[in-house]
Each structure stands twice: as C-alpha cells, then as structure tokens.
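# Structural characterization, general
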Amino acid sequence: MIRSRGRSAVLAALVAVLGCMTGCTSTDGTVTVTSRSATAPSPDPSAPASNAPAPDVSAPRVPAPSLPEVVPGFVRLASGGPRRGSADLGRIVVGRGTTWVNIHCVADSGTRRLKVTVGEVAEFGVACGGSESGTYANRLDLSEGGTGRFRVEAPHDVRWTADVQGERTSRG
C-alpha cells in the first residue's frame, strides 16, 4: 500500500505526464512540462497596432526580371518590362546582319510558355520556369532586314522583360 505522501508524488507525476501531451522533455528521471498553446498568443496591448498585410508565402520569391545590358557594338531597337501577360512593344525596323532578341522571364509556379514575334523576321517560343528566372538570348543572322511589331504573348502568371538589339552598323 502506498503511503499518503507517496500517493501525492504519484499523482503529481501523473499530472506532469498528462501535461506532456502539449510537449515535454525528460532528463534523469525528472519531467519538465513545456506548454505549447494551440492558439496564437494574445497580442501585447502596449504594442502599436500594425496595418501591414501578412507576407505572401505561397509563391517563391524570385527577383523581377531586368533588361539585359546592351551588347557592345549594338543598339537597343525595342524593349519592354518588367511586365506580366502579353504586350505589344511597338513597331520595329530590323536591319540585316546580327540581331539579338533577349527574353528574361520567370513563372509564378511550374513552367509556362511565351511566344515572341519580331515583325516579319522571327517567331519563337520560350519556356519560363518557376524556381528561378531564366535569360534566353536568340541570335538572328539576317541576310535582309524587315519591319513589323515586336510582341510577347505570355500568361498573366509570367513576369518578363524583352528587348531586341541590332548591330550599330547594320543596313536595311
């Protein structure tokens, strides 16, 4: 039979063990109970109220794409961004010789496709991933120039920049 004092110790130990359902640690036979509240802690009434929105943790934080540097000996013929979705970046005249079409893009999630049109000269697709931004440089060696619209067709969940650079000495 357990003495009265022993029963108190057993009861206290039982309460401590039951309290461990919220978290506990045990070292050398002693039980330490730590409380882990299932609800958020109550705000400090002396702290100033914050109207800042809660941070969005649903999408990875990838920097917005930026325009590339102009290649030495070239000039920027047209550019746009950073933007989301499709855009017409204006009418361009592309001369013969080397032309660079640069796309820098990132999707909010998954892989998304862009379609790039450079007037009558070129049309191509680009795959934009969601884990990091990608830069795509497309070199066009043109035997003759052309004119038309510089257009990027993209889903709204893709951020991108684009530019067309032509040789400073190119002839139309």
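Right above here is the structure, for reference.
What counts, and where the lines are drawn
Residues numbered from 1 in each chain as written. Predicted model: local features only at pLDDT ≥ 70, side-chain atom pairs only at ≥ 80, totals over all residues. Heavy atoms only, no water. Helix = DSSP H or I, 4+ residues; strand = E, 2+ residues; numbered from the N terminus. Buried < 20%, exposed > 50% of the residue type's maximum accessible area, 1.4 Å probe, protein only. Contact = heavy atoms within 4.5 Å. Areas by Shrake-Rupley, 256 points an atom, 1.4 Å probe, with all protein chains shown as cover. Core = buried A, V, L, I, M, F, W, Y, C linked by side-chain atoms within 4.5 Å. Pairing = 2+ DSSP bridges. Axes fitted to C-alpha atoms, helices over the stretch in contact; angles between N-to-C directions.

## As for the overall build of the protein chain
- Across its full length, the protein chain holds one helix and ten strands.
- Along its sequence from the N terminus, the protein chain presents helices and strands in the succession α-β-β-β-β-β-β-β-β-β-β.
- Looking at the 172 residues of the protein chain, the share that counts as buried comes to 29%.
- When contacts within the protein chain are restricted to residue pairs at least 6 apart in sequence, those whose partners lie at least 24 apart make up 72%.
- Accessible area for the protein chain stands at about 11300 Å²; split by element, carbon and sulfur atoms hold 54% of it.

## Overview of the nonpolar core
- With 25 residues, the main nonpolar core has Val101, Leu114, Val118, Phe150 and Trp160 as its most contacted residues.
- For this core, the elements supplying multiple residues, two or more each, are strand S4 (87-94), strand S5 (97-107), strand S6 (112-118), strand S7 (122-128), strand S8 (134-142), strand S9 (146-153) and strand S10 (158-167).

## Considering the sheet that holds S10
- Taken together, four strands build an open sheet; the order of strands is S3-S10-S5-S8 and the sheet is antiparallel. Pairing within the sheet leaves two strands with one partner each, and these edge strands are strand S3 (74-84) and S8. Taken over all neighbouring pairs, the strand axes of this sheet differ in orientation by 10° on average, direction set aside.
- Where S5 meets S8, nine bridges bridge the pair, whose relative direction is antiparallel. Counted as the bridge partner of Trp100 is Arg139 from S8.

## Some details on the pairing of S9
- Here S4 runs beside S9; their pairing, made up of six bridges, is antiparallel. In the sheet register, Asp88 faces S9, and the bridge partner there is Arg151.
- Here four bridges tie S6 to S9, and the two strands are oriented antiparallel to one another. Residue pairing for S9: Thr117 is matched across the bridge by Arg151.

Structural measurements only, silent on function.
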